[in-house]
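# Descriptive analysis of the structure
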Amino acid sequence: EEKVETMLELSCEYLDLPNAFLTRIDDDTQHIELAHATHPALQPGESCPLEEAYCKRTIELDSLLTVVDPTDEGLTDDPAYERFGLGTYSGGRVESDGELYGTLCFADTDTREEAFSEIQQTFVELLTRWVSYELERQRARSQLQRERDRFEEFAGVISHDLRNPLNIATGRPR
């Protein structure tokens, strides 16, 4: 979590955007999990129907969704634009173990004068993959800890169950 928060902050500086956030999507709802953002609706703990977020369009794509001017792109009637007023947006799918987790997004209420450069788009794509990797690693670590805990519990039960018969066996004369 700390790594992702640091990455969001540094990414805002690099992309020159005030808002970076990681969402989790479930039951047609977008939940802001982590954020480095000035926008009040893009803070951790905030949520909204997926229909009212650019994330809906983002998860439908195999590549990034980028918006640099909603007026030029015909998005001013889009529920996401109406709710958040984002004039600039770049976001990609975040997956964990091959399943949709959410999105990694960068945004501003102002429009951009220029499109995102190829380097900036590659940067966002790589960050999306890195966050996906970190989520998978966290999930694997949690699963390993659960298995370790179960094994220790099992070993404790077996040790206890074997102790009494061994004590009896070692106490018998030959």
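Here the structure is shown first, and the text comes after it.
A brief report on the enclosed structure follows. (Residues numbered from 1 in each chain as written. Predicted model: local features only at pLDDT ≥ 70, side-chain atom pairs only at ≥ 80, totals over all residues. Heavy atoms only, no water.)

## Focus on the sheet that holds strand β5 (residues 88–96)
To keep things clear, this is the line we draw: When DSSP finds at least two bridges between two strands, those strands are taken to pair. Only DSSP runs of H or I with at least four residues qualify as helices, and only runs of E with at least two residues qualify as strands; both kinds are numbered from the N terminus onward. Inter-axis angles, ranging from 0 to 180 degrees, are taken between N-to-C directions of lines fitted to C-alpha atoms, where helices are fitted over the stretch in contact. Two residues qualify as a contact provided that any one of their heavy atoms is within 4.5 Å of a heavy atom in the partner residue.
With antiparallel pairing, six strands are arranged side by side in an open sheet as β3-β2-β1-β6-β5-β4. Every other strand in the sheet has two partners, leaving β3 (47–49) and β4 (65–67) as the edge strands with one partner each. Taking the axes of each pair of neighbouring strands and ignoring which way they run, one obtains an average angle of 25° across the sheet. Sheet analysis places strand β2 (residues 29–36) next to β3, joined by three bridges and oriented antiparallel. Note on β3: the bridge partner recorded for H31 is S47. Those strands touched by helix α1 (residues 2–15) are β1 (19–26), β2 and β6 (99–108), and its axis lies near 80° from that of β2.

## Looking at empty space enclosed by the protein
The condition is simple: Definitions used throughout: a 1 Å grid over protein atoms alone; a cavity as a set of points that fits a 1.4 Å probe which cannot get out; a pocket as an open set with protein on both sides within 12 Å along at least five of seven lines; a lining residue as one with an atom within 4 Å of a point. Grid points are joined across faces, edges and corners, and a volume is the space filled by probe spheres set on the points. Throughout, the ten residues Ala, Val, Leu, Ile, Met, Phe, Trp, Tyr, Cys and Pro are labelled nonpolar, Asp, Glu, Lys and Arg are labelled charged, and all others, Gly among them, are labelled polar.
Counted by the stated rule, this structure contains one cavity of 30 Å³ or more. Volume-wise, the largest cavity comes out at about 50 Å³. Lining the largest cavity we find F21, Q30, L42, A53, Y54, C55, F84, L86 and Y89. Split by residue class, the lining of the largest cavity holds eight nonpolar, one polar and no charged.

## Here's the deal with unusual backbone geometry
We count it as follows: For every residue, the accessible area obtained with a 1.4 Å probe (protein chains only) is divided by the maximum for its type, and the residue is called buried under 20%, exposed over 50%, and partly exposed between those limits.
With a phi close to 60°, D16 is a non-glycine residue in the positive phi region. When its relative accessible area of 66% is taken as the criterion, D16 is described as exposed. Non-glycine residue D27 carries a positive phi angle of around 50°. Note on placement: D27 falls in the loop between β1 and β2.

## A short note on the layout of surface pockets
Taken as a whole, the largest pocket holds about 330 Å³ of empty space. E1, V4, L34, L135 and Q138 are, among the 13 residues lining the largest pocket, the residues nearest its centre. Among the elements that make up the lining of the largest pocket, the one with the highest residue count is helix α4 (residues 118–171) (six residues). Residue composition of the lining of the largest pocket, grouped by class: six nonpolar, one polar and six charged. Space inside the second largest pocket adds up to approximately 210 Å³. For the second largest pocket, the full set of lining residues is L61, D62, S63, L64, G92, R93, E95, E125, T128, R129 and S132.

## Points about α1
Put simply, the rule is: In this analysis, the expected span of each helix is defined as 1.5 Å times one less than the number of residues it contains. Starting at the helix axis, one direction is taken to each C-beta atom, and the arc is that of these directions.
Given a rise of 1.5 Å per residue, 14 residues ought to cover 20 Å, and the 20 Å separating the end C-alpha atoms of α1 matches this to within 8%. Residues of α1 that are buried: V4, M7, L8, S11, C12 and L15. In a view along the axis of α1, the buried residues occupy a sector of 140°, so they form one face of it. Projecting away from the buried face of α1 at angles above 90 degrees are the exposed residues E2, L10 and E13.

## A look at the environment of I25
Mapping I25 onto the fold places it in strand β1. Separated by 44 residues in the primary sequence, I25 and D69 place their C-alpha atoms 25 Å from one another. Sequence-distant contacts of I25, defined by excluding residues within four places in its chain, comprise Q30, L50, C55, I59, Y101, G102 and T103.

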